[in-house]
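Each chain, written out:
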Amino acid sequence: MGGFSTTWFSRKNWGAEHAVFAAATAATVLGGVLGNEKLQQVAKPLMAPALAVRVLRRSRDTDRVDTALLLAGLAAATVGDVFMIDPDDDRRLVRGATSFAVMQTSYSTLLARHGARPHAIAAVPRAAAALGAAGLLAAKSRNVAAPLTGYGALLATTATLAADPVLAPGSAQLAGMPRPSADRRSWLGLGGFVFTVSDGTIVVRRVLLKGKKTRAVAEGLILATYAAAQLLLVEGMVAARRG
């Protein structure tokens, strides 16, 4: 089943780019909780580029098209991250969602290239989550409902494909997806799930939470889970090999 070992901590597995990513994530989460946009403006645009450095460092071991898709997705994520610094500005929110739609399309394309296909055990709950979010937006936030619902469908596609066990052959399964282990391909399903949680929390924060403190806590959760999802997905896709 591929348990963790001392190689988990080797330089091959973790590099300076991960340290930059971790520091940028911590500062971004702190900025989100405190409502400090200046801190986020400095830190948040570093997160996806740090992962892009990881992709480039592993490009010799990665299919060229996969590398291009990952870099395109992370470039779009960087643009989306900048727009999403102020989550309460509708115009910026829609532009951010549009940028992240490009990212999700890139990720889904890569996963499909590796043989991932939708299966009911993964597709049904993720589709239900997308439909639930769409219903809340339609009822409580009609001005952004259409673009965010479209984005939600793309996220559900990525999350469903990422859960396909074919992406991590030999891995044990849990809840219809590979159980995370030292094989980083097994991180993909969890990454898609955590991304769904993150974006679902955006909807909850927007339409259900009113208190300043609860909204601040929710923003911190959104940013922390977003960062975790990106790391899990990118590391999983970098580790993938075309057969």
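The structure displayed is predicted, hence computed values, not measured ones.

A. Spatial organisation of the overall build of the chain. Helix and strand counts for the chain come out as nine helices and two strands. Reading the chain from its N terminus to its C terminus gives the helix and strand order α-α-α-α-α-α-α-β-β-α-α. In terms of overall dimensions, the chain is globule-like: its C-alpha atoms have a radius of gyration of 17 Å, near the 18 Å expected for 243 residues. Sequence-distant contacts in the chain: of pairs separated by 6 or more residues, those separated by 24 or more amount to 71%. In the structure as shown, the chain presents an accessible area of about 11,400 Å², 66% of it carried by carbon and sulfur atoms. Within the chain, one finds 28 positive and 15 negative side-chain charges whose respective centroids are separated by 2 Å.

B. Quick peek at the packing of aromatic side chains. In this structure the tally under the stated criterion is three aromatic pairs. Here the aromatic rings of Phe 195 and Tyr 226 are separated by 5.7 Å at their centres, their planes lie at 80°, and the arrangement is edge-to-face. Within this pair, whereas Phe 195 is found in helix H8 (residues 188–207), its partner Tyr 226 is found in helix H9 (residues 212–239), the two being separated by 31 residues in sequence. When its relative accessible area of 6% is taken as the criterion, Tyr 226 is described as buried. Through a chain of ring-to-ring contacts, the aromatic side chains of Phe 100, Phe 195 and Tyr 226 assemble into a single cluster. Between Arg 184 and the ring centre of Trp 14, over which it is positioned, the NZ or CZ distance is 4.3 Å.

C. Structural view of a nonpolar patch on the surface. Residues Leu 30, Val 33 and Leu 34 make up a contiguous nonpolar surface patch of about 270 Å² in total accessible area. Tracing the sequence through the fold places Leu 30 in helix H1 (residues 16–34). Judged by its relative accessible area of 44%, Leu 30 is partly exposed.

D. Up close: the environment of Gly 170. Among the secondary structure elements, Gly 170 is positioned in the loop between helix H7 (142–162) and strand E1 (173–174). For Gly 170, a relative accessible area of 76% gives the class exposed. Remark: the alpha-carbon pair of Gly 170 and Val 234, spanning 64 residues in sequence, is separated by 20 Å.

E. Broad picture of the side chain of Ser 171. Of note, Ser 171 is situated in the loop between H7 and E1. Overall, the relative accessible area of 17% leaves Ser 171 in the buried class.

F. Up close: the pattern of salt bridges. With the rule as written, the count across this model stands at twelve salt bridges. With its nearest N and O atoms 2.9 Å apart, the salt bridge here joins Asp 183 to Arg 185. Owing to a relative accessible area of 23%, Asp 183 belongs among the partly exposed residues under this scheme. Assessed through its relative accessible area of 23%, Arg 185 is described here as partly exposed.

What counts, and at which threshold
Residues numbered from 1 in each chain as written. Predicted model: local features only at pLDDT ≥ 70, side-chain atom pairs only at ≥ 80, totals over all residues. Heavy atoms only, no water. Helix = DSSP H or I, 4+ residues; strand = E, 2+ residues; numbered from the N terminus. Rg over C-alpha atoms; globule rule 2.2 N^0.38 Å. Contact = heavy atoms within 4.5 Å. Areas by Shrake-Rupley, 256 points an atom, 1.4 Å probe, with all protein chains shown as cover. Lys, Arg positive; Asp, Glu negative; His and termini not counted. Charge placed at Lys NZ, Arg CZ, Asp CG, Glu CD. Phe/Tyr/Trp six-rings, centres within 6.5 Å; stacked < 30°, edge-to-face > 60°. Buried < 20%, exposed > 50% of the residue type's maximum accessible area, 1.4 Å probe, protein only. Lys NZ or Arg CZ within 6 Å of the ring centre and 35° of its normal. Patch = residues over 30% accessible without salt bridge, like charges linked within 9 Å, V, L, I, M, F, W, Y side chains within 5 Å. Salt bridge = Lys/Arg side-chain N within 4 Å of Asp/Glu carboxyl O.

Distances and angles like these do not, on their own, reveal function.
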